[in-house]
Structure formats: structure tokens, C-alpha cells
Amino acid sequence: MRRTVFNEDHEAFRETVRAFIEAEVVPVYDEWFAAGQAPRDFYYKLGELGIFGINVAEEFGGAGLDTHKFEAVLYEETSRAGVNFGGSGVHVLLALPYIKTLSTDEQKKRYLPKFVTGEEMWALAMTEPGTGSDLAGMKTTAKLSEDGTHYVLNGSKTFITGGVHADRVIVCARTSAPREDDRRFGISLFAVDTKSEGYSIGRKLDKLGLRTSDTAELAFVDVKVPVEDLLGEENKGFYYLGQNLPSERWGIAFGAYAQAKAAVRFAQEYVQERTVFGKSVASFQNTKFELAACQSEVDAAEAVADRALEALDAGELTAAEAASAKLFCTEVAHRVIDRCLQLHGGYGYMNEYPIARLYADNRVNRIYGGTSEVMRSIIAKSMGL
């Protein structure tokens, strides 16, 4: 079947990204993996390449486009090479939508030029040690000062991807008590400068996968946040979070599909080169049937991911559709990557092979952005169940 989601501009971008990865990432990726993060100066290179400015207005240094298709190409190319770009995905996929939709003109002038160049890297801090998916239960508070010039931020966050290198973090905090009829009321969003007094980075968390993407614990002790860094209206933060969840879940879905596609490629190359009992592993019927089954699942996931991409670009992707895409693509990736690792035999368990790293990286897709169980609940509710 002919794929129609990408045009010549996207394919030209793909060639540029593929060459960049081969030159700037692949030769040093093992060093990043050992260090547990990409180096900070790598993000300046992404800025120079224009990665951060695709969906930013030209007046702020961006390309002025309004599409997620270039992000989709990035997902495919990084997965194809068995690498990732550290915490930069959060910078673009998670943080940028809030800046674009909630910032005032004055805020955009302060935030976006440095966002585009990579001079200021952004992260999003929602999860707390005791809340997980229950964001309405967050304990972090932001109280307005008596003179009304700033908020005083206190609390902690965990599992914050990009948290080590972040220069600004969008922090979700309670500015008012929840209402009896609405636990979600009273949450606000703040663009917090990580150099602020009282702001501290705790542990850089030791993760199972995505090891080149820095993930940290954050703590806030009487951090003064100027009122000029409130994003949107006070107490409407939960509503804003809900608005951006479909795009976040599309990103996870598309990334999972891209990983599954890459896994088939890695397995196919391996079984054609590897010999057992004097024959290539690819010559055995079981190998052929396993890869054929995996390819059929990848084809289906590609169709779902592409359909969700088109709906997202058209502004029509619903919460239930995004949940369905995330659930389907992440479950497919789980099955496909596991089967492709099996075809590698013992070598599939070695981190020197990309399939092993891919296996670990993929596991979180069914957890973050809303667990698979939460996705099923959303879908069921949309069905009237």
C-alpha cells in the first residue's frame, strides 16, 4: 500500500536528519548510554539544525509551520538508527504546546527565541511521588505573595524527563483548594526558571530504558516565581493539561510504531547474517513466519499512527481516538519487539545490540502519558460503557 502521509519536504527533511544522526549521534551514542544522558551542548546542535523551531512562528526564529509530520519523521529516523535525542522530545512535544497556546505576547518574546536555539531547554513537571496518574491529588503549592508580585512555590516532582538539563520547567501546582464537586479545580501552570533560589535537582533517576534521556526528581523550597511566569489563567491548569493530552498520546503512539518498525529491520538484518547448523537463521520457516507476522502488525500500527497524525494536524484528534491509537500502537510494539529480540537469541539480551536497548526503551510506552489501563477506561467511556 502506498503511504501518503509524507510529501517531498518531509522526505528531504528525513535525508537531512538521517545524515545528522549518522554524523553526530551514532559515533558517540555508546558514550551517552554509559553516562545516562546526552550532553547539554548537543541541544545547541539540534537548535542549529532547526529541530526546535519547526512549529514556532518566524518572528521568534522558527519556520512558522503548523504540523506534527516533521516530528513523525524524527521518531522514525531515531528509531531506525537505534538512538534517541535525549530529553529534547519533551522540549518540543510536551512543553511547546503550552508556550504557544497559553503565553502572552510578552511571554512569547521572552521564551520562544531561546527555545528555538536550545539556549533554554524546557521540561514539564506534573507527576509527584504520591500522585502518579491522579494529578488532581498533587500536593505542590504556589501561594501568591501579599504584594502580588510573585508566587511562592513549595513541593516536589518526580519522573521529570529532561529535568537535569532543563533551564525552565512548566510546573503544575495548587494555587487554590479543590472544590467539593471538582477535585481538579485549583491547579495552575508556571514557567519556572531553574536558576531560582530554592529550586533544586534531586537524584538523576536510574531507569530501565531511555537511558540517554535524563530523568530527575525536583524540589521547590520557597521558590519565588514572578507573576509574569504564570501560564494561562490561575486555577485552570488541569483543563490545559487535558487539552494537550491527545498530542502527547499521539507522540507516544507514533514513537512506539516507529520502534516496532525498527525492530523488524534489526531482526531481518540479523537473521540474514547469522548462521545456525550451516544455514542462515532467515532460511528457517519459523523465522519467516515470525517476521511476517511482525510485519503485518507493524503495517496495521503504521496505518493507525498515520491516521491519528492526519487527525492531529487537522485539529480533529479526540481524546478517545488518541487513547485508542496509544493503546493499539504500544501493545503492538510490545509484542513485535519481544518477538524480534527472540530471533536474536542470546545476542538479543546484550546491550551492544540495538534490539536490547529498544526492548528496554519501549517498555515505558504503556506507562507514561497514561497507562494502558487508563487508555482502556477512556475508550470504554467514549463507547458509553
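What you see is a predicted model; the values in this text were computed from it and never measured.

What counts and how
Residues numbered from 1 in each chain as written. Predicted model: local features only at pLDDT ≥ 70, side-chain atom pairs only at ≥ 80, totals over all residues. Heavy atoms only, no water. Helix = DSSP H or I, 4+ residues; strand = E, 2+ residues; numbered from the N terminus. Polar contact = N/O pair within 3.5 Å; in protein donor to acceptor, adjacent residues only side chain to side chain. Contact = heavy atoms within 4.5 Å. Core = buried A, V, L, I, M, F, W, Y, C linked by side-chain atoms within 4.5 Å. Buried < 20%, exposed > 50% of the residue type's maximum accessible area, 1.4 Å probe, protein only. 1 Å grid on protein atoms, 1.4 Å probe; cavity = no way out; pocket = protein on both sides within 12 Å on 5 of 7 lines; lining within 4 Å. Points joined across faces, edges and corners; volume = space filled by probe spheres on them. Nonpolar A, V, L, I, M, F, W, Y, C, P; charged D, E, K, R; others polar. Salt bridge = Lys/Arg side-chain N within 4 Å of Asp/Glu carboxyl O. Disulfide = S-S within 2.5 Å. Axes fitted to C-alpha atoms, helices over the stretch in contact; angles between N-to-C directions. Parallel < 35°, antiparallel > 145°, perpendicular 65-115°, else oblique. Left-handed = near helix turned anticlockwise from the far one by under 90°. Patch = residues over 30% accessible without salt bridge, like charges linked within 9 Å, V, L, I, M, F, W, Y side chains within 5 Å. Areas by Shrake-Rupley, 256 points an atom, 1.4 Å probe, with all protein chains shown as cover. Pairing = 2+ DSSP bridges. Expected span 1.5 Å × (residues − 1). Bend = angle between axes of the 7 residues up to and from the residue.

Undergrad: Give a description of the side chain of Glu 76 that names residues and reports values.
TA: If you trace the backbone, Glu 76 turns up in helix H4 (residues 69–81). There is a polar contact of 2.9 Å between the side chain of Glu 76 and the side chain of Arg 14. When near neighbours in sequence (up to four residues on either side) are disregarded, Glu 76 contacts Arg 3, Phe 6, Arg 14, Phe 254, Tyr 257, Ala 258 and Lys 261.

Undergrad: Give me the lowdown on the environment of Thr 215, citing residues and values where you can.
TA: Relative to the helices and strands, Thr 215 resides in strand S7 (residues 215–226). Along the sequence, Thr 215 and Gly 255 sit 40 residues apart, while their C-alpha atoms lie 18 Å from each other. Those residues within four positions of Thr 215 in sequence are excluded, and the remaining contacts are Phe 159, Ile 160, Thr 161, Arg 203, Lys 204, Leu 205 and Lys 207.

Undergrad: Would you mind going over the nonpolar core in detail, with residue names and values included?
TA: Formed by 108 residues in total, the largest nonpolar core has its most connected members in Val 25, Phe 42, Leu 153, Leu 189, Trp 250 and Cys 340. Looking at this core, the element that brings in the most residues is helix H7 (residues 237–273), giving 16 residues. In this view, Leu 153 contacts Thr 140, Thr 141, Ala 142, Val 171, Ala 173, Val 192, Phe 220, Val 221, Asp 222, Val 223 and Val 225; residues no more than four positions away in its chain are not counted.

Undergrad: Break down empty space enclosed by the protein for me, citing the residues and quoting the values.
TA: In the structure shown here, the tally under the stated rule is two cavities of 30 Å³ or more. Of the volumes computed, that of the largest cavity is approximately 40 Å³. Contributing to the lining of the largest cavity are Tyr 43, Gly 87, Met 121, Trp 122, Gly 162, His 165, Ala 166 and Asp 214. Partitioning the lining of the largest cavity into residue classes produces four nonpolar, three polar and one charged. Estimates place the volume of the second largest cavity at around 30 Å³. Lining the second largest cavity are Tyr 29, Phe 33, Gly 82, Leu 210, Arg 211, Thr 212, Arg 357 and Asp 361. Mapped onto the lining of the second largest cavity, the elements with two or more residues apiece are helix H2 (29–35) and helix H10 (354–362). Grouping the constituent residues of the lining of the second largest cavity by class yields three nonpolar, two polar and three charged.

Undergrad: Can you explain the pattern of salt bridges? Please cite residues and give values.
TA: One pass over the full model with this rule turns up 27 salt bridges. Where Glu 24 meets Lys 45, a salt bridge forms, and the shortest distance between an N and an O atom there is 3.0 Å. Here the residue Glu 24 occupies a position in helix H1 (residues 8–25), and Lys 45 occupies one in helix H3 (residues 40–49), the gap between them amounting to 21 residues. According to the relative accessible area criterion, Lys 45 is partly exposed, its value standing at 35%. Here Arg 110 and Asp 229 are joined by a salt bridge, their closest N and O atoms 3.1 Å apart.

Undergrad: Could you give me a rundown of the state of the cysteines, with the residues and numbers involved?
TA: Enumeration according to the criterion identifies zero disulfides in this entry. The closest cysteine sulfur to the non-disulfide-bonded Cys 340 is located on Cys 294, 4.2 Å from its own sulfur.

Undergrad: Which residues make up the layout of surface pockets, and what values do they have?
TA: Empty space within the second largest pocket amounts to approximately 550 Å³. Lining the second largest pocket are 22 residues, and of these His 68, Pro 97, Asn 244, Ser 247 and Leu 312 lie nearest its centre. Elements that contribute at least two residues to the lining of the second largest pocket include exactly helix H5 (88–102), H7 and helix H8 (285–313). The leading source of residues in the lining of the second largest pocket is H5, at seven residues. Looking at the lining of the second largest pocket, its residues break down into eight nonpolar, nine polar and five charged.

Undergrad: How would you sum up the packing of H7 against helix H9 (residues 319–343)? Please name residues and give values.
TA: Their axes nearest at 8 Å, the elements H7 and H9 cross at an angle of 20°. Accordingly, the angle class assigned to the pair H7 and H9 is roughly parallel. You can see that H7 and H9 cross each other, and the crossing is left-handed. Per-class residue counts for the contact of H7 with H9 are 20 nonpolar, two polar and two charged.

Undergrad: If you had to explain a nonpolar patch on the surface to someone new, which residues and values would you point to?
TA: A grouping of Tyr 347, Tyr 349 and Met 350 is seen on the molecular surface, where their side chains present a nonpolar patch of about 360 Å² in accessible area. Since its relative accessible area comes to 37%, Tyr 347 is described here as partly exposed.

Undergrad: Lay out unusual backbone geometry in plain terms, naming residues and giving numbers.
TA: Positive phi, normally seen in glycine, also occurs at Phe 159, with a value near 60°. Its location among the elements puts Phe 159 in strand S3 (residues 150–161). Positive phi values are uncommon outside glycine, yet Asp 222 reaches one of about 50°. Looking at the secondary structure, you find Asp 222 in strand S7. Asp 222 sits in the partly exposed class, given a relative accessible area of 48%.

Undergrad: Outline the pairing of S7, supporting the account with residue identities and numerical values.
TA: For a regular strand, side chains alternate in direction, first toward one face of the sheet and then toward the other. Bridge analysis of S3 against S7 gives nine bridges, and the strand direction is antiparallel. Bridging across to S7, Leu 153 finds its partner in Val 223. Pairing geometry for strand S6 (residues 199–204) and S7, over four bridges, is antiparallel. Bridge pairing in S7 places Ser 200 opposite Ala 219.

Undergrad: Could you give an account of helix H6 (residues 105–117), naming the residues involved and the relevant values?
TA: Here H6 spans 19 Å end to end across 13 residues, near enough to the 18 Å set by a 1.5 Å rise per residue. A bend of about 30° at Tyr 111 is the largest found in H6, and the proline Pro 113 appears one to four places after it. Buried within H6 are the following residues: Gln 107, Tyr 111, Leu 112, Phe 115 and Val 116. Two residues or fewer after H6 comes Gly 118, characterised by a positive phi angle close to 85°.

By themselves, these observations are geometric and do not establish any function.
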